[in-house]
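Listed here are the chains, written in short residue letters.
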Amino acid sequence: MTSSTRQFMVLASLCLGVLTLVNFISAPKIRRNQALATVSLIKPLVPKAMQAKLQVADVQQLLNHHYLRLESGSPPKGQSSIELYLTTASGYAGPIMVITSYAITDNKYVLVGAQVIPPQQETPGLGDVILATESDWITQFSDTVITTKPLNDDLHIDTVTGATISTRAVILAVRKSMKLALGSVND
Amino acid sequence: MTKLLADGLWHNNPALVQLLGLCPLLAVSTSLTTGFILGLATLCVLVLGNSCISLCRHSIAPGLRLPSFMLILATATTLIEILLQAYLYELYTQVGLFIPLIITNCTLLARAEAFAARQPFLKTSVDSLAMGLGFLLVLTFIGSIRGLLSPVLTLVLLPPGAFFLFAAMVAVQNWLKIPRNSNRQVNPRVIALHNID
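Report on the accompanying structure. Because the structure is a prediction, the values reported are computed rather than measured.

## Points about the environment of B:Val126
1) Next: Within the fold, B:Val126 resides in helix H7 (residues 121–149).
2) Next: In this structure, B:Val126 is in contact with B:Met1, B:Leu4 and B:Leu5, ignoring residues within four places of it in sequence.

Here it is as structure tokens:
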């Protein structure tokens, strides 16, 4: 190895070392920040009575296990619960993570809504229509009664011109969660 | 030192005079906040990266100069990205996509090659600070104008609008640079030089 190559390798290892150290120190804080941001993102997917119950720890559980169940215990009105699923599908520039929420009352499943959570890298101005902050496209999923079989034409959601791949990925992710939710009913 | 600051902020401003780093300048300057945050991140990367380059300029092999600069600058960019994610998450979500793109900003490599690789640490730090501040000012200024005008004129939010605004800024700066004193005698040597052609 020539001396210039050796110098370069030393420099590269130094840079790598610094980044690894900083990443190691910041990783827990970054994960907590992501969970905090997700809490505010998915609050609209949970009924008002349960919103107070939604804690950072719950969201961390949802992010780790891709599933969360929240119960609201008021027996006179009947027990109702919310199931949240985290599903992933590949978008235009990497994976897109979608959280979907289902309200279960008397074994009837209602898709309350869906939200795309960070990190995602869809093209700004085109693929980012899937974000609730950029357009209301994602609200099309809200309040859909789910039948027993998630057929392809079950969800009447249009893709968006210029964002076909991104929007199709979100629809696929929601469909995946429908399968999971209905699977838990059949069990 | 004052000359270095004046150069970065006005006479040799990376955006207005050198016309470097236009990609983020036009893409992110849609509002004051995003412009300011990206400008600040670029400033940090510039100071951090180029100071490091200046510190180890004697141990960088001349043949592997450019890859070494890129390595150091990319490390600085990633470092800033991680720190933003950890401590300023709210702002990171607004400009997150553009932070890794700081490395493609020509201002960084231009200053590394033209200045940091030849000058001592302190001088490089001041130069990077001045250049970064110059870039930050332009980015914030365009961002605030686009933010203010966007409710009235949608064009300013689109890339052509940004180009028009930026061109206007360059024109105004050039106009301000013209010596005001019209009675001033033209240097006879300049006339002589013109007559050579």
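Next, the rest of the story.
## With respect to the interface of chain A and chain B
1) Next: Every contact between the two is made by 21 residues of chain A and, on the other side, 19 residues of chain B.
2) Next: The junction of chain A with chain B conceals about 1800 Å² of combined surface from both sides, 79% of it contributed by carbon and sulfur atoms.
3) Next: The largest per-residue losses of area from chain A upon contact with chain B belong to A:Phe8, A:Leu11 and A:Leu19, which jointly make up 28% of the total buried on that side.
4) Next: One can count 0 salt bridges joining chain A with chain B.

## Side note on the pattern of salt bridges
Residue and element names in this part refer to chain A.
1) Next: In this structure the tally under the stated criterion is 3 salt bridges over all chains.
2) Next: As a salt-bridge pair, Glu 83 and Arg 69 come within 2.6 Å of each other at their nearest N and O atoms. Within this pair, whereas Glu 83 is found in strand E2 (residues 80–91), its partner Arg 69 is found in strand E1 (residues 67–72), the two being separated by 14 residues in sequence.
3) Next: Residue classification places Glu 83 among the buried positions, given a relative accessible area of 2%.
4) Next: Of the residues examined, Arg 69 reaches a relative accessible area of 38% and is grouped as partly exposed.

## Some points on helix H1 (residues 3–42) of chain A
1) Next: Taking 1.5 Å per residue as the helical rise, H1(A) with its 40 residues ought to reach 58 Å, and the 55 Å between its terminal C-alpha atoms agrees with that figure.
2) Next: Of all the bends in H1(A), the largest measures some 45° and sits at A:Ser26, one to four residues before the proline A:Pro28.

## Digging into unusual backbone geometry
Most peptide bonds are trans, and most residues other than glycine sit at a negative phi.
1) Next: Non-glycine residue A:His66 carries a positive phi angle of around 65°.
2) Next: Positionally, A:His66 belongs in the loop between helix H3 (56–65) and E1.

The rules behind these values
- Residues numbered from 1 in each chain as written.
- Chains lettered and ligands numbered in written order.
- Predicted model: local features only at pLDDT ≥ 70, side-chain atom pairs only at ≥ 80, totals over all residues.
- Heavy atoms only, no water.
- Helix = DSSP H or I, 4+ residues; strand = E, 2+ residues; numbered from the N terminus.
- Contact = heavy atoms within 4.5 Å.
- Buried area = accessible area lost by both parts, 1.4 Å probe.
- Salt bridge = Lys/Arg side-chain N within 4 Å of Asp/Glu carboxyl O.
- Buried < 20%, exposed > 50% of the residue type's maximum accessible area, 1.4 Å probe, protein only.
- Expected span 1.5 Å × (residues − 1).
- Bend = angle between axes of the 7 residues up to and from the residue.

Bear in mind that shape data such as this cannot, by itself, settle questions of function.
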